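Structural description and commentary
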Amino acid sequence: MRSAPFALLVLFAALPASAQQAGDADKGKRLYVQCTACHTLEAGGKARVGPNLHGVIGAAAGTRPDFTNYSDALKKSGIEWTDDRLDAWLKKPAALVPGTKMVFVGLARDQDRADLIAYLKDATK
Ligand code: HEC
């Protein structure tokens, strides 16, 4: 019985951290409105100013098919689109990849980026 209070303590200690990181895809969908002028997400979607993002999660940067306007900076970045790299990209694209052609100011709020990434995971697979 002595371990029960300890287990509770661990539970409460862990809660805030995981709640902060978990993205809400519904909220992310609303945030994605900022991206639609330049991106489509569905399989076979058209390239706009930026590439169609179908299959981008886990892929190497600069490799979406049918997009011919990538910057050399992104193609040579060596980035693989993990949660961590997407988070840095959406915070400030030009800070992660100086010379990128993605003209986007970035999302300052950590939770907004987590929500948007959760949505992208659903909508690009
Ligand atoms: C003004 C147009 C524009 C807007 C707005 C924009 N992007 Fe982009 N995006 C681009 C361009 C152009 C590239 C290619 C950048 C390069 O080659 O340097 C790109 C690249 C990307 C990539 C990397 C694709 C790959 O194949 O490696 C991701 C992921 C991405 N954008 C997500 C987003 C998300 C999510 C938003 C909304 C928050 C957004 N973009 C807003 C134009 C835009």
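Higher on the page you've got the structure.
Everything numeric in this text was worked out from a predicted model, so none of it was measured.

Reading the values: rules and limits
Residues numbered from 1 in each chain as written. Predicted model: local features only at pLDDT ≥ 70, side-chain atom pairs only at ≥ 80, totals over all residues. Heavy atoms only, no water. Helix = DSSP H or I, 4+ residues; strand = E, 2+ residues; numbered from the N terminus. Buried < 20%, exposed > 50% of the residue type's maximum accessible area, 1.4 Å probe, protein only. Contact = heavy atoms within 4.5 Å. Donors = N, O, S within 2.8 Å, 3.2 Å for Na, K, Ca; no water. Tetrahedral: all angles 85-135°; square planar, octahedral: opposite > 155°, others 65-115°. Axes fitted to C-alpha atoms, helices over the stretch in contact; angles between N-to-C directions. Parallel < 35°, antiparallel > 145°, perpendicular 65-115°, else oblique. Left-handed = near helix turned anticlockwise from the far one by under 90°. Nonpolar A, V, L, I, M, F, W, Y, C, P; charged D, E, K, R; others polar. Near = heavy atom within 4 Å. Polar contact = N/O pair within 3.5 Å; in protein donor to acceptor, adjacent residues only side chain to side chain. Phe/Tyr/Trp six-rings, centres within 6.5 Å; stacked < 30°, edge-to-face > 60°.

Let's talk about the overall build of the chain
When its secondary structure is counted, the chain shows six helices and zero strands. Sequence-ordered secondary structure for the chain, helices as α and strands as β, is α-α-α-α-α-α. Counting all 125 residues of the chain, 34% fall into the buried class. Considering only residue pairs separated by 6 or more positions, the chain has 41% of its internal contacts joining residues 24 or more positions apart.

A word on the coordination of the iron atom of the ligand
Where a metal carries four tetrahedral donors, each ideal angle is 109.5 degrees; where it carries six octahedral donors, the ideal angles are 90 or 180 degrees. Coordination of the iron atom of the ligand by the protein involves H39 (NE2) and M102 (SD), with metal-donor separations of 2.0 to 2.1 Å. Coordination at the iron atom of the ligand comes from six donor atoms whose angles at the metal span 87 to 179 degrees, giving a geometry best classed as octahedral. Here M102 lies in the loop between α5 (93-96) and α6 (110-123) and H39 lies in the loop between α2 (25-31) and α3 (72-75), a separation of 63 residues in the sequence. Here H39 falls in the buried class, since its relative accessible area comes to 12%.

Concerning the packing of helix α4 (residues 83-91) against α6
Packing of α4 against α6 brings their axes to within 10 Å, and their N-to-C directions diverge by 120 degrees. Considered as vectors, α4 and α6 are oriented oblique to each other. The hand of the α4/α6 crossing is right-handed. Contacts between α4 and α6 involve D83, L86, D87, L90 and K91 from the former and R113, L116, I117, L120 and K121 from the latter. Its residues assigned to classes, the contact of α4 with α6 comprises five nonpolar, no polar and five charged.

Focus on unusual backbone geometry
Note: most peptide bonds trans; most residues except glycine with negative phi. The phi dihedral of D66 is positive, around 65 degrees, even though this residue is not glycine. Along the chain, D66 turns up in the loop between α2 and α3. Accessibility expressed as a relative area gives 73% for D66, which makes it exposed.

Looking at the site of the ligand
Within the structure, the ligand sits among 25 residues, and C35, C38, H39, Y70 and M102 are positioned closest to it. Measuring from an oxygen atom of the ligand, one finds a backbone N or O atom of G62 at 2.8 Å. The contact in question runs from an oxygen atom of the ligand to an N or O atom on the side chain of W81, over 2.8 Å. When contributions to the shell around the ligand are tallied by element, the ones reaching two or more residues are α4 and α6.

Some thoughts on the packing of aromatic side chains
Pairs of aromatic rings are described using the distance from one ring centre to the other and the angle between the two planes. In total, this model carries three aromatic pairs according to the counting rule given. Ring centres of F67 and Y70 lie 4.8 Å apart, and the angle between their planes is 80 degrees; on these two criteria the pair is classed as edge-to-face. Assigned by exposure class, F67 and Y70 land together as buried. Judged by centre distance (5.3 Å) and plane angle (55 degrees), the ring pair of W81 and W89 falls under tilted.

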